[in-house]
Structure formats: structure tokens, C-alpha cells
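If you want the building blocks of each chain, they are given just below.
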Amino acid sequence: MTSRRFVQLDVFADRPGAGNPLAVVFDAEGMDDDTMQAIARWTRLPETTFVFPPTSAEADYRIRMFSPRREVPFAGHPSVGTAHALLEAGRIAPRDGLLVQEGIAGLLPLRVLGDGAARTIAVRTPRASVLETTERGDPRLRHALDGLLPGRLPPALMDGGRRWWLAELADEGTLRGATPDWDAIGLLAESTESMGLCVFARADAGSGYDLAVRAWVGAPARFEDAASGAANATLAAWLATRDALPGADGRYRASQGREVGYDATLELQVDADGEIWSGGHAVSVVHGEIGW
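Everything quoted here is computed from the prediction, not taken from an experiment.

Overview of the layout of surface pockets
Taken as a whole, the largest pocket holds about 390 Å³ of empty space. Lining the largest pocket are 28 residues; nearest its centre among them are Pro46, Glu47, Ser67, Pro68 and Phe223. Secondary structure elements with two or more residues in the lining of the largest pocket: α2 (76–88), β14 (223–225) and α5 (229–241). The element contributing the most residues to the lining of the largest pocket is α5, with 3 residues. Split into classes, the residues belonging to the lining of the largest pocket amount to 15 nonpolar, 6 polar and 7 charged. In this structure, the second largest pocket occupies an estimated 220 Å³ of space. Lining the second largest pocket are 14 residues, and of these Arg70, Arg163, Glu193, Ser194 and Met195 sit closest to its centre. Classifying every residue of the lining of the second largest pocket by side-chain character gives 6 nonpolar, 2 polar and 6 charged.

As C-alpha cells, then:
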């Protein structure tokens, strides 16, 4: 049995218990796919990441991400959290404020601002594209959105490495009070090969954030995501195509997770080149070793 360094974090939060949980296993050389999947199943966290030496001279490290059920090609909170854990351990250091992560999604830069508790990390997410827009009465969406007052933008199916249906709701109260129809969301996800439905609304005045977001995963499991960097990045891309970004200079903040006991804040930016950066704070909660 080999012992490896292990960290558990909360991502998109500056305090324990508020963000999306993540486990990071350092020095994963020698682990095969079955072993990594078994550990991810054992942690029972949304994702567990495994850190390897890079194979590209441009990268600072290589990462593989696993949910309890399968390997994940890209996700935002594991990218941000793994970078935080490696920086905190002194394993890597930014160059001109940037890191480069190697993974299934390719080489992705991460922007690092500040140090210690003030540090924020944002990953430049894979390019997202609009697959289709539709009407609220679309039979595929009708039951999933039943009883929810719509916002002004039409529903859309986006692909940013993972496919999400996006739907704007009338206001924050409608969004926060919604009860997901899991049968309808599961059918939507399975029939359209998507993650499920991400609903959003403009925030109430004085909230300290610009959007409230909920991401309902319909397949392969059914659950509400505490904080999804990838879903929020896909949403930012959709808003940019419709000239509907909140905030100024392409920057805004999103609140997610309160309905399932969390309180995450994500910081989004659409830069001058149209690239999407998704990030925020992270905080380490558990430091130790894993023997497997």
C-alpha cells in the first residue's frame, strides 16, 4: 500500500462548508484507471482529482478528474481547487500570474491573483457553442420548466465540453423557490445527451452578486450541483452571444448552492477575445495522506 498526499477543499468559497467539495490526490504516478475510479467512488465527492507530472513542456502539472461514476474530461471546480492545493503545497508557482493545466481537455491556462486567503484562481474554460435555441413550450423542456415564470431570453442548448440546457427565470425569488422535477430533468438529460438544466435569474438589488444560478444534473445521477464552474462558464458564453452579460467589462459574480446547503460565489469574465474565465476562492479543509 502506497501513501500519497491528500487534500480536501471547498471551491468557490472562502470558508469551509460553503463551496463545492473536492478531493485532490498528489503524486498519482502508478495509479491505474480502476484505482482512481475506486478512490473517487470511495470519497463520494462530486469530483476527485489525481495529479501527475506534465507531458507537455508548457504545462505545470497534469490532471485527471473522476466523479464517483466516471472520468470527467473537464470541470471548473476541480481545476480551480487542484491549482489551489498545489500552490498551497509549494509544488508549483505562477509565471506572470498564470499556470497551465494539462488534461483531457488540452492545455488550459489558469489566472492567479493575490496570495493566501485573498487568492483567487480562474480557469480559461473550453470554448462553448450554441447548439440550438428553442421556445419554452418545446416538449423536451415543458415539464422541466412547468410553473416557473420565464425571463426574457429563450432556452438554449450549449456545448462547452459538457452540454447544458440553459433557461432564464423571471426573478431571483422564482429561481430560489423552484422545486426541480427530477423525472422531467432526467428525461431531458438522457434524451438530449446533456447534463441537464441550468436555470438562472438576475439578482435582487444589493445582493453582492449579479446572477443567481441553479444547475440540476439529470444523468447519470440526479442531483443539484453546489457550484459548477463549467455550467457557469457555459452560461457566460450564452449571455455573451445575446449581448446580455451583467456587470461591467464582461465581469460579474454568480451565487449558487444555497438551496442545497452551500453558499458559493463564482467570478466570471468574458475577456476581449471572447474567452471565458471561471473562478473564485478556494479553502483547504483536510490535509493528510491516503493509503490505497
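Comments concerning the side chain of Gln269
Along the chain, Gln269 falls in strand β16 (residues 264–270). The exposure class of Gln269 is buried, given its relative accessible area of 10%. At 2.9 Å, the side chain of Gln269 forms a polar contact with the side chain of Arg111. Not counting residues up to four positions away in its chain, the partners in contact with Gln269 are Arg111, Gly250, Arg251, Glu275, Ile276 and Trp277.

Describing the environment of Pro109
Within the secondary structure, Pro109 sits in strand β7 (residues 106–113). Residue classification places Pro109 among the buried positions, given a relative accessible area of 14%. Taking the C-alpha atoms as reference points, Pro109 and Trp292, separated by 183 residues in sequence, lie 31 Å from one another. If sequence neighbours within four positions are ignored, Pro109 has contacts with Leu99, Val100, Ala122, Val123, Arg124 and Trp277.

Topic: the environment of Ser191
Considering the arrangement of structural elements, one finds Ser191 in helix α4 (residues 182–192). Considering only alpha carbons, one finds Ser191 and Met65, 126 residues apart in sequence, at a separation of 25 Å. Within polar-contact distance, the side chain of Ser191 engages the backbone oxygen of Leu187 at 2.8 Å. Looking at Ser191, its side chain comes within polar contact range of the main-chain oxygen of Leu188, at 3.3 Å.

Notes on the environment of Thr134
Along the chain, Thr134 falls in the loop between β9 (129–133) and β10 (156–159). Of the residues examined, Thr134 reaches a relative accessible area of 14% and is grouped as buried. Expressed as a C-alpha distance, the spacing of Thr134 and Pro155, which sit 21 residues apart in the sequence, is 5.7 Å. Contact partners of Thr134, with chain neighbours within four places excluded, come to Arg140, Leu141, Pro154, Pro155 and Trp165.

Reading guide: rules and limits
Residues numbered from 1 in each chain as written. Predicted model: local features only at pLDDT ≥ 70, side-chain atom pairs only at ≥ 80, totals over all residues. Heavy atoms only, no water. 1 Å grid on protein atoms, 1.4 Å probe; cavity = no way out; pocket = protein on both sides within 12 Å on 5 of 7 lines; lining within 4 Å. Points joined across faces, edges and corners; volume = space filled by probe spheres on them. Helix = DSSP H or I, 4+ residues; strand = E, 2+ residues; numbered from the N terminus. Nonpolar A, V, L, I, M, F, W, Y, C, P; charged D, E, K, R; others polar. Buried < 20%, exposed > 50% of the residue type's maximum accessible area, 1.4 Å probe, protein only. Polar contact = N/O pair within 3.5 Å; in protein donor to acceptor, adjacent residues only side chain to side chain. Contact = heavy atoms within 4.5 Å.

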